[in-house]
Amino acid sequence: MKRLRHDGLVVVGAGLAGLTAALAAAPAKALVLTGAPLNQGCSSAWAQGGLAAALAADDTPDLHAADTVDAGAGLVDAAMALLLAQEGPAAVRALADLGAPFDRTADGGFAQSLEAAHSRARVARVKGDQAGREIMQAVTVAAMSARHVEVRTSAKLRALLQDPNGRIRGVVAEIAGELVEITARAVVLATGGVGGLYSVTTTPAELVGDGLGLAALSGAVIGDPEFVQFHPTAIDIGRDPAPLATEALRGEGAVLVGADGERFMSRYHEKAELAPRDVVARAIHAERLAGRGAFLDARVAVGEHFPEEFPGVFAACLGGGIDPRVQPIPIAPACHYHMGGIVTDADGRTSLAGLYAAGECASTGVHGANRLASNSLLEAAVFGARAGRAAAAEADPGTAPLRPSVPPELPAEVLQRLRKLMSRHAGVVRDAGGLTALLLEIEAMEAGHGRSAPLVAARLVVSGALARTESRGGHFRSDATPQVRPQRTFVRLADVDASASVLAGALRFAAE
Ligand code: SIN
């Protein structure tokens, strides 16, 4: 295997968390590795809403933190949520300084949208629904022109390099079809979420939990893997991934209707269309299952203004043959965000020396069981910078014997089967029977194709969902026990394997 020594950080992932970490590492060098071309293959560039931050005169970080805690269904780490909210306004201003063209009010302030479960209009947006694209454009230009940052595209993460003491020393990347061992002072994982493990997702399909799976294989502590957020309003026009119809549309007054044109949300929650995201997702799931259909009707609330106010949603709808100015938009819930991930402290440190994580692949504790809308880009910016600074301060660990072990890749057809099963059994509504059957399928896939990172990531989600017998936040069990676990989940893969073998033993016993 070819060997490279980088005398700074390796950052894996070029979304907002990864590039922010790389920029913040200065003057230390940062080598950014990404499997996809820049601004493709990362959810950040697809984000429509914006960044939640207490920038308005009637808002405070305390209020923002309180909304974050409320949304998280009892599992948010309140100190981390407060830190996020306190650093939010500066993070938005820093992105504006890099050139992100946030929408402005007449007096030059930030124009802010209302999204579900926020007590204030506090989402700083860009050109309506173009936040992710425009912010990533500005951050990418900054990273490409920073002398301390080097970006390698078409470089896919294949393994973490660990020394005999368990310290992470670098990565194995596949670059132009060749495996390359890259050692570095520290590694920052910013590899995004697990949307690509689901057949209906709003995230790039390549996000299959590689960072999460590889960190777990190296022994890192994983937090809250069962908590997956399903966005209620993915546009149902047969595209994979499914385009998103931003929640800001409902903030503007768009309503949810069945095929008969009747609004249905008041049957599910007093806040109707602005109910928490998980409630709206389940309502839409139920309406669709009952054969009544679900549509987002923005004809009155947005109508003729669609092209200027929500250009991204407008273009996606037209591409699917829907004109949202005059037609309701067909919608379905879709996997959108993973609240769980690699457990970190406030500076991105994981439980493994030398390994940092930021963005969706990390579990900082700010999201609990249900992420508040538009806290994800904010988390990527705030904790990406903190992780980059902390990782850059790591002392050079010197050399050590390394014996890289590269997990196999998951064959494409097996991944497609896994995606269908994940949407069916680990989706909006879950139960013990479906989750157990799915876990056995994952075991069979591992037996047949080896222990790949996506299978490990899927196993973590499914085992967590099976173990949490209650419903909470984004995790809903149709066979739920009363709510009894107001604690976060912290696991290592070894614990998950041990409980799986107990389960397999019990199932064998029951079958005999
Ligand atoms: C949206 O615009 O609806 C998505 C925002 C988010 O997921 O935070």
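So, how was this worked out
- Residues numbered from 1 in each chain as written.
- Predicted model: local features only at pLDDT ≥ 70, side-chain atom pairs only at ≥ 80, totals over all residues.
- Heavy atoms only, no water.
- Salt bridge = Lys/Arg side-chain N within 4 Å of Asp/Glu carboxyl O.
- Helix = DSSP H or I, 4+ residues; strand = E, 2+ residues; numbered from the N terminus.
- Buried < 20%, exposed > 50% of the residue type's maximum accessible area, 1.4 Å probe, protein only.
- Core = buried A, V, L, I, M, F, W, Y, C linked by side-chain atoms within 4.5 Å.
- Contact = heavy atoms within 4.5 Å.
- Disulfide = S-S within 2.5 Å.
- Near = heavy atom within 4 Å.
- Polar contact = N/O pair within 3.5 Å; in protein donor to acceptor, adjacent residues only side chain to side chain.
- Areas by Shrake-Rupley, 256 points an atom, 1.4 Å probe, with all protein chains shown as cover.
- Nonpolar A, V, L, I, M, F, W, Y, C, P; charged D, E, K, R; others polar.
- Pairing = 2+ DSSP bridges.
- Right-handed = clockwise from strand over helix to strand, strands pointing away.

Caption draft 1: Focus on the pattern of salt bridges. In the structure shown here, the tally under the stated rule is 38 salt bridges. Across the salt bridge formed by Arg 3 and Glu 181, the nearest N and O atoms sit 3.1 Å from each other. With a gap of 178 residues between them, Arg 3 in strand S1 (residues 2-5) and Glu 181 in strand S10 (residues 178-183) connect regions that are remote in the sequence. Close ionic contact of Glu 273 with Arg 263 constitutes a salt bridge, the shortest N to O distance being 2.7 Å. One end of the pair, Glu 273, is in the loop between strand S14 (255-257) and helix H7 (277-289); the other, Arg 263, is in the loop between S14 and H7, and ten residues separate them in sequence. For Glu 273, a relative accessible area of 5% puts it in the buried group. Three or more residues are tied together by salt bridges with common partners; here these are Glu 87, Asp 345, Asp 347, Arg 349 and Arg 386.

Caption draft 2: Representation of the nonpolar core in the model. Core analysis: the largest hydrophobic core is formed by 62 residues, its most contacted members being Leu 189 and Leu 418. In terms of residues, this core owes the most to one element, helix H13 (residues 453-467), which gives ten residues. In contact with Leu 418, not counting residues within four places along its chain, are Leu 197, Leu 410, Ile 442, Met 445, Pro 454, Leu 455 and Ala 458. The next biggest cluster of nonpolar side chains, apart from the first, holds 56 residues, and it includes Ala 143, Ala 346, Ala 358 and Val 382.

Caption draft 3: Geometry of the state of the cysteines. A complete count under the given rule lists zero disulfides for this structure. Free of any disulfide, Cys 42 has its nearest neighbouring cysteine sulfur in Cys 361, separated by 13 Å.

Caption draft 4: Representation of the side chain of Thr 202 within the structure. Relative to the helices and strands, Thr 202 resides in the loop between strand S11 (186-189) and helix H5 (210-217). The residues touching Thr 202, leaving out its near neighbours within four places in the chain, are Trp 46, Ala 234, Pro 241, Ala 242, Leu 244, Ala 334, Cys 335 and His 336.

Caption draft 5: Structural context of the site of the ligand. Gly 49, His 231, Leu 244, Thr 246, Glu 247, Arg 277, His 336, Arg 371, Ala 373 and Ser 374 make up every residue found near the ligand. Within the side chain of Thr 246, an N or O atom sits 2.6 Å from an oxygen atom of the ligand. Arg 277 is positioned such that a nitrogen or oxygen atom in its side chain is 3.0 Å from an oxygen atom of the ligand. For the ligand, whose accessible area on its own is 260 Å², the fraction buried by protein is 95%. For the shell around the ligand, the residue count by class is two nonpolar, five polar and three charged.

Caption draft 6: Expanded view of the pairing of strand S3 (residues 30-33). Every second residue of S3 is oriented toward a common face, with Ala 30 and Val 32 on one face and Leu 31 and Leu 33 on the other, all of them buried. Sheet analysis places strand S2 (residues 9-12) next to S3, joined by four bridges and oriented parallel. Within S3, the residue paired with Val 11 across the bridge is Val 32. As for the winding sense of the linkage, the β-α-β connection from S2 through helix H1 (residues 16-24) to S3 is right-handed. Here S3 pairs with strand S7 (residues 149-152) via four bridges, running parallel. Each bridged residue has a counterpart across the sheet, and for Leu 33 the counterpart in S7 is Arg 152.

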